[in-house]
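# Notes for the structure review
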Amino acid sequence: MQDNWLMCDFHIHTTISDGKMPLDEVVDLYGENGFDVISITDHILDSQTSDEKAQKNEPLDVMKKEDFPGYLKRLWQESKRAWDKYKMLLIPGVEISNNSGKYHILGIDIKEYINPDLSVGEIVSQIHDQGAIAVACHPHHKSTGGQQEFIHLWENHEQYASLFDAWEVANRDDLFNVIGLKKFNYIANSDFHHPWHFYSWKSLLHCEKNTEAVKATIRENKGVALYLFRKEKPIK
Ligand code: ZN
Ligand code: ZN
């Protein structure tokens, strides 16, 4: 984009967890469409939900702790390819998913595994210890939520208001009006799992194209714009 407005998406899944598109194809999709900054944020999951899935013989669809170093290595390899081929910055991320506690937290620029069983405060503190950004994910009812309601962060938003570097005020097709009333720090993301999630809410940042500048812009929440990226009608 012109004038240093960077087109960004900080919430993207691949087949490494429950996304439907392999990592390299996701990178090519974003790169060929002119994105400037993306973060891949595959899931890690709390042990109670993991155990319940195993008992029901459901696919886990998440990374385990022992998978995490290999995941980061693959992201760094793709990050180099994304930069060489598209001049697109790929920042390694993770979605720390505690389904039993009903909270999901993004860590952007993550370096080490964080246990999803920890409390919200402990998770955010470990994200910050790694120099990463903590984002409150889809913190209200989702139009596609079904039985999955990740409402804990909103129910405790007064306690958590300033803990997070930013709140996802928009996620995919949803705009969380109640979050928007609070004057928190905001970003908007696609929560990409399927190719048709590409046309969805994104963020524009007005800063240099490097990881430290991107993180500082999110933290300060100056030079941030929410952008509904659509070329086709959304699938209902
Ligand atoms: Zn989530
Ligand atoms: Zn997600």
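We now turn to the structure provided with this report.

### Notes on the coordination of the zinc ion (ligand 2)
In an ideal octahedron of six donors the angles at the metal are 90 or 180 degrees, and in an ideal tetrahedron of four donors they are 109.5 degrees. Looking at the zinc ion (ligand 2), the protein donor atoms are H11 (NE2), H13 (NE2), E95 (OE) and D191 (OD), and they sit 2.1 to 2.2 Å from it. Of note is the zinc ion (ligand 2), whose four donor atoms meet at the metal with angles of 81 to 168° in an arrangement that counts as irregular. Spacing between the donor residues of the zinc ion (ligand 2) along the chain follows H-x1-H-x81-E-x95-D. Taken as a pair, the zinc ion (ligand 2) and the zinc ion (ligand 1) lie 3.5 Å from each other and share E95 as a ligand. On the criterion of sequence distance, the pair formed by H13 in the loop between strand 1 (5–12) and helix 1 (23–32) and D191 in the loop between strand 9 (186–189) and strand 10 (201–206) is long-range, its members being 178 residues apart. Like D191, H13 is buried.

### Let's talk about helix 8 (residues 211–220)
Turning to helix 8, its buried residues are A213, V214, K215, T217 and I218. Capping the start of helix 8 is the job of one residue whose side-chain oxygen sits 3.3 Å from the backbone nitrogen of E212: N210. Within two residues after helix 8, N221 carries a phi angle of roughly 55°, on the positive side.

### Here's the deal with unusual backbone geometry
Even without a glycine there, the phi angle at N57 is positive, about 55°. Within the secondary structure, N57 is located in the loop between helix 2 (47–55) and helix 3 (68–86). The exposure class assigned to N57 is exposed, which follows from its relative accessible area of 70%. Even without being glycine, D191 reaches a positive phi, approximately 50°. By relative accessible area, D191 is classed as buried at 2%.

### Quick word on the packing of aromatic side chains
All told, the structure shown has 14 aromatic pairs when counted by the stated rule. The interplanar angle of 75° and the centroid separation of 5.6 Å between the aromatic rings of F68 and Y113 together place this pair among those described as edge-to-face. Here Y113 lies in the loop between strand 5 (103–108) and helix 4 (120–129) and F68 lies in helix 3, a separation of 45 residues in the sequence. Overall, the relative accessible area of 2% leaves F68 in the buried class. Ring plane angle 45° and centroid distance 6.2 Å describe the contact between Y227 and F229, whose orientation is recorded as tilted. Members of the aromatic cluster, each reached through a chain of ring pairs, are Y30, F35, F192, F198, Y199, Y227 and F229.

### Section: the coordination of the zinc ion (ligand 1)
For the zinc ion (ligand 1), every protein donor is listed as E95 (OE), H104 (ND1) and H138 (NE2), and the spread of their distances is 2.0 to 2.2 Å. When the donors of the zinc ion (ligand 1) are listed by position in the chain, the intervening gaps give E-x8-H-x33-H.

### A word on the environment of G93
Residue placement: G93 occurs in strand 4 (residues 89–98). Taking the relative accessible area as the measure of exposure, G93 reaches 0% and is therefore buried. Separated by 20 residues in sequence, G93 and Y113 have C-alpha atoms that sit 10 Å apart. Ignoring anything within four residues of it in the chain, the contact list for G93 reads S39, I40, T41, D42, Y71, L75, G107, I108 and I110.

Thresholds applied
- Residues numbered from 1 in each chain as written.
- Chains lettered and ligands numbered in written order.
- Predicted model: local features only at pLDDT ≥ 70, side-chain atom pairs only at ≥ 80, totals over all residues.
- Heavy atoms only, no water.
- Donors = N, O, S within 2.8 Å, 3.2 Å for Na, K, Ca; no water.
- Tetrahedral: all angles 85-135°; square planar, octahedral: opposite > 155°, others 65-115°.
- Helix = DSSP H or I, 4+ residues; strand = E, 2+ residues; numbered from the N terminus.
- Buried < 20%, exposed > 50% of the residue type's maximum accessible area, 1.4 Å probe, protein only.
- Polar contact = N/O pair within 3.5 Å; in protein donor to acceptor, adjacent residues only side chain to side chain.
- Phe/Tyr/Trp six-rings, centres within 6.5 Å; stacked < 30°, edge-to-face > 60°.
- Contact = heavy atoms within 4.5 Å.

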